[in-house]
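Below, each chain spelled out in residue letters.
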Amino acid sequence: MEKPLWNPTQDRIESSRLYAFQKTIEAKTGKTFPDYDSLWQWSITDPETFWNDVWDFCGLIGEKGPTVLKNGN
């Protein structure tokens, strides 16, 4: 694998919305996501919970309805 052209600093990572989402989900579920790959893996192994939590975290306005994810593959 080739070396990335750029990596964000830890400060930049910790000030991102994705990091805030990650910490919110960790507090809610009791799971830990030490890096992006582990959060991504959770998003594909439990997509309904992931997208439901994205909805809540982003503060979307509207009705979720009974279907969280349709044809997720």
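Refer to the structure printed above.
A. Molecular detail of the overall build of the chain. On a plain count of helices and strands, the chain comes out with four helices and zero strands. Taken from N to C terminus, the helices and strands of the chain fall in the order α-α-α-α. For a compact globule of 73 residues, the expected C-alpha radius of gyration is about 11 Å, and the chain comes in at 14 Å, more than 25% above that figure. Principal-axis analysis of the C-alpha atoms places the extent of the chain at approximately 45 × 25 × 25 Å. Per-residue burial for the chain yields a buried fraction of 15% across its 73 residues. By sequence separation, contacts in the chain at least 24 residues apart represent 26% of the contacts at least 6 residues apart. Taken as a whole, the chain presents about 6200 Å² of accessible surface, with 54% of it coming from carbon and sulfur. Taking the average location of the 8 positive side-chain charges in the chain and that of its 11 negative ones, the two points are 3 Å from each other.

Cut-offs and rules
Residues numbered from 1 in each chain as written. Predicted model: local features only at pLDDT ≥ 70, side-chain atom pairs only at ≥ 80, totals over all residues. Heavy atoms only, no water. Helix = DSSP H or I, 4+ residues; strand = E, 2+ residues; numbered from the N terminus. Rg over C-alpha atoms; globule rule 2.2 N^0.38 Å. Buried < 20%, exposed > 50% of the residue type's maximum accessible area, 1.4 Å probe, protein only. Contact = heavy atoms within 4.5 Å. Areas by Shrake-Rupley, 256 points an atom, 1.4 Å probe, with all protein chains shown as cover. Lys, Arg positive; Asp, Glu negative; His and termini not counted. Charge placed at Lys NZ, Arg CZ, Asp CG, Glu CD.

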